[in-house]
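Structure assessment
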Amino acid sequence: MYLNFRKQILCVIVLEATLLCVLLCTQSVFMESLRFNNSALRKLPVDASERTGSRTVPAACFSRIGALQPLLRPSLVLLSGSALSLLGLAERDVRTEPLAPEYLSGSRLLPGSEPAAHCYCGHQFGLFAGQLGDGAVMYLGEVEAGTQGRWEIQVKGAGVTPYSSEAMAALGIPSTRAASLVTSDLYVSRDPLNSGRRVQERCSVVLRLAPSFIRFGSFEIFLGRDEVSGLQGPSAGRHDIRAQLLDYVVETFYPHIQQAHRSRTDRNMAFFREVMMRTAKLVAQWQCVGFCHGVLNTDNMSILGLTLDYGPFGFMDRFDPDFVSNASDKRRRYSYQAQPSVCCWNLARLAEALGSELDAAEAGAILDEFMPTYKASYLHNMRLKLGLVRKEEAEDDELISDLLRVMHNTGADFTNTFRLLSRVPWPEEGDCEKETVGPVVELILQQCASIEELKVANKPTMENRELAMILSMAQTNPAMFGMVADRPDVAQQLALMGRLKELLETDQDELKKKQRDDWIRWISQYRSRLVRECDATSDLSLVKKERLRVMNSSNPRVVLRNYIAQNAINAAEKGDFAEIERVLKVLEKPYSDPEPDTCGEKDHKGTELTATYDGRPPAWAQTICVT
């Protein structure tokens, strides 16, 4: 079974589906109240040519787009009220507007919008790819929304699951936003998995917004020829335009830094440090909810520290540090555990792109601060997930590492296990450990993998021929084997083999006993740590209440798992959009328990909502391929 988030929709979709979103309409008072202020096009170089087709765009940060064509019979699928409110719009007003599908899909051009495409480059999977730019996205303009600030609005060709960004925003993680989804009766033929099998898909458009969509790759258009790929940026050597873009970013989005520094170099270093810190804190938040971006190229890294460009992303089900959400990432470059180091690597590429605008030695020192900044933020967030709010102990790091190790070994569900930890009883004098924690341990064991699931999870991913050659080397050339075995990828495969061997020598009953013992042991350590949250002056009842409040607001009950999205896709492809609305409604309150009056409510398959979204994923979820 395959899950396709339509990351790369053909350029023709955008040309047929451009312009506007939630903006002005001469027939609609609430739309007329919005004001465009397209500062990016005024302050940055714009390629004025309206020639269509792919081409190199030198000496420009944007290209104007003309020859717009409307969608065929656009129809509104879904609105995000919270995203629309950022523009000062009420969902009910937009929903009752007869022309809303045309405005939201960009099929109707409104006064003030100026369609354009942003030019950027990127390092993709570690290699410089040269000019990329907006291929399935179109800049419409920037709307000033009073106290809500200024928001850049784009339309993007997309599939039927646009609310990945809304799910992240509801979790409290910085993200671009998705305000609406419009579909149509226009179809394109695509080969989403490059398998030679083409399918017909509806052209659909998402309205997305952010203060800015400028990214690390926006500064890479000035890079000279790359020694490995042989490619260069379309504006290579144009340091004057690079300075212009940097000035625009700092003055517009980091005004506090602009005002605090008279020296250009000092200003630029403060800017780079701020981007580093935002990026470190962002990836720490990702790790704490089990989110894997999937394609952490430099062109997908926001200069504002936002989660940007949702492609083959995924929230982990069973905890696995080597989890990869993108099936195309065969080398696991963008695995869950690699994300912090990849983000640091991308920051180094940003520093290279900024070149002489930064002091090289100081930039290196700032990059050295990334991992300590990330680890401090990660540890802070993890303490909240465990309800450790009164004290910080050096041993907390080890407690968290031990928890993740137990989760990995037992194949525990990441989201549900963390949510259940709030049920671990506060230690009381004289209680019997096993009897006291027994009920919560049994609940956690229900979230752990079976022996058959663990066998599949621990199967080596290396090709059999290559693996057999390495094992043969262990017998014939131990010295060479020792060198090869030290390679991280080989060491990982050997570890999987060792774990699989253990599982093959174990039965389900033995496994369950070991899982139970492991969890009882860790929970005992956790309860000992909870005791130290209190001192002689603490009000125990208040400490307990604070613990539960913090844990339940830090551990989501529901996240956008792949199987949830797949169910919505399957229904939407049959013309049933009710599931998408239901999913959005649940994701808007990810930390809340279901309200009493919703318990027992059924989805279109007759399954209770709570079972559908916050239970352990069904077995078929493991067969989903995201690419």
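An unreviewed UniProt entry annotates the protein chain as Selenoprotein O originating from Stegastes partitus. Check the Sequence similarities (unreviewed entry) section of the UniProt entry for the protein chain; it says "Belongs to the SELO family." Taken directly from UniProt, the Cofactor (unreviewed entry) text for the protein chain runs: "Mg(2+)".

Enumeration according to the criterion identifies 17 aromatic pairs in this entry. Each ring, one from Phe291 and one from Tyr310, has its centre 6.3 Å from the other, and the planes form 65 degrees; the classification is edge-to-face. Here Tyr310 lies in the loop between strand E15 (291-292) and strand E16 (314-315) and Phe291 lies in strand E15, a separation of 19 residues in the sequence. You'll find Phe291 and Tyr310 in the same group, each marked buried. Cluster of aromatic residues (ring-pair linked, three or more members): Trp286, Phe291, Tyr310, Phe313 and Phe315. The positively charged end of Arg349 is found above the aromatic ring belonging to Trp345, 4.4 Å away from the centroid. Its end group placed over the ring of Phe418, Lys385 keeps NZ or CZ at 4.5 Å from the ring centre.

Where side chains of opposite charge bring their charged atoms close, a pairing between them can arise. Under the definition given, this model contains 43 salt bridges. The salt bridge involving Glu114 is made with Arg64; its shortest N-O contact spans 3.1 Å. With Glu114 in the loop between helix H6 (100-105) and strand E6 (116-118) and Arg64 in strand E4 (residues 62-64), this residue pair connects regions lying 50 residues apart in the sequence. Given the relative accessible area of 28%, Arg64 is considered partly exposed. In this structure, the salt-bridge partner of Arg529 is Glu393, at a minimum N-O distance of 3.6 Å. Taken together, the residues Arg529 in helix H21 (residues 508-531) and Glu393 in the loop between helix H13 (370-385) and helix H14 (396-410) connect sequence positions 136 residues apart. Judged by its relative accessible area of 1%, Arg529 falls in the buried class.

The next point concerns the domain arrangement of the protein chain. When cut into domains, the protein chain gives domain 1 (38-252), domain 2 (263-383) and domain 3 (424-554). Taking the mean C-alpha position of each, domain 2 and domain 3 sit 27 Å from one another.

Attention now moves to the pairing of strand E8 (residues 127-131). In this sheet, E8 lies alongside strand E7 (residues 121-124) in antiparallel orientation, the contact comprising 3 bridges. When the sheet's bridge partners are listed, Cys121 is paired in E8 with Gln131.

The next point concerns the nonpolar core. The tendency in soluble globular proteins is for nonpolar side chains to be buried as a group. Counting 121 residues, the largest nonpolar core has Phe219, Val249, Phe272, Ile303, Leu386, Trp519 and Trp522 as the members making the most contacts within it. Take this core: its biggest share by element is 13 residues, from helix H10 (residues 264-289). Among residues more than four places away in sequence, those in contact with Phe219 are Ile214, Arg242, Leu245, Leu246, Val249, Ile303, Leu350, Ala353 and Leu354. Phe36, Ala83, Val94 and Val143 belong to the second-largest nonpolar core, a separate cluster that totals 26 residues.

Attention shifts here to the packing of helix H18 (residues 464-476) against helix H20 (residues 488-504). At a closest axis distance of 12 Å, the pairing of H18 and H20 adopts a crossing angle of 85 degrees. As judged from the angle between their axes, H18 and H20 are roughly perpendicular. Only Val490, Gln493, Leu494 and Met497 of H20 make contact with H18, whose side of the interface consists of Leu467, Ile470 and Leu471. Grouping the amino acids of the contact of H18 with H20 by side-chain chemistry returns 6 nonpolar, 1 polar and no charged.

The side chains of a regular strand alternate, first on one face of the sheet and then on the other. Summarising burial for strand E11 (residues 177-183): 7 of the 7 residues are buried, a large majority. Alignment of strand E5 (residues 75-79) against E11, held across 4 bridges, turns out to be antiparallel. Bridge assignment links Leu78 to a residue of E11, and that residue is Leu181.

Tracing the backbone shows Leu367 in helix H12 (residues 360-368). Sequence separation between Leu367 and Arg273 is 94 residues; the distance between their C-alpha atoms is 8.2 Å. In this structure Leu367 touches Phe272, Cys344, Leu347 and Ala348, once residues within four positions along its chain are discounted.

Looking now at unusual backbone geometry. Phi is positive for Phe125, which is not a glycine, with a value near 50 degrees. As for its position among the elements, Phe125 is in the loop between E7 and E8. Looking at Phe125, the relative accessible area reads 36%, which means it is partly exposed. Residue Arg332 is not a glycine yet carries a positive backbone phi of 55 degrees.

For the protein chain, the average pLDDT comes to 88, and 90% of its residues sit at 70 or higher. The low-confidence segment residues 1-27, where pLDDT is below 50, has 129 contacts with residues more than four positions distant or belonging to other chains. Overall, residues 158-163 carries pLDDT values under 50, and its contacts beyond four positions in sequence, including any with other chains, amount to 27 contacts.

So, about the packing of H13 against H14. Contact geometry of H13 with H14 gives a least axis separation of 11 Å together with a crossing angle of 70 degrees. With respect to H14, the axis of H13 lies roughly perpendicular. In this structure, H13 contributes Tyr378, Leu379, Met382 and Arg383 to the contact, and H14 contributes Asp396, Asp397, Ile400 and Leu404. Of the residues in the contact of H13 with H14, the class split is 5 nonpolar, no polar and 3 charged.

The rules behind these values
Residues numbered from 1 in each chain as written. Predicted model: local features only at pLDDT ≥ 70, side-chain atom pairs only at ≥ 80, totals over all residues. Heavy atoms only, no water. UniProt positions renumbered as here; feature names shortened; annotations may be inferred. Phe/Tyr/Trp six-rings, centres within 6.5 Å; stacked < 30°, edge-to-face > 60°. Helix = DSSP H or I, 4+ residues; strand = E, 2+ residues; numbered from the N terminus. Buried < 20%, exposed > 50% of the residue type's maximum accessible area, 1.4 Å probe, protein only. Lys NZ or Arg CZ within 6 Å of the ring centre and 35° of its normal. Salt bridge = Lys/Arg side-chain N within 4 Å of Asp/Glu carboxyl O. Domains from an automatic or database assignment. Pairing = 2+ DSSP bridges. Core = buried A, V, L, I, M, F, W, Y, C linked by side-chain atoms within 4.5 Å. Contact = heavy atoms within 4.5 Å. Axes fitted to C-alpha atoms, helices over the stretch in contact; angles between N-to-C directions. Parallel < 35°, antiparallel > 145°, perpendicular 65-115°, else oblique. Nonpolar A, V, L, I, M, F, W, Y, C, P; charged D, E, K, R; others polar. pLDDT = per-residue confidence, 0-100.

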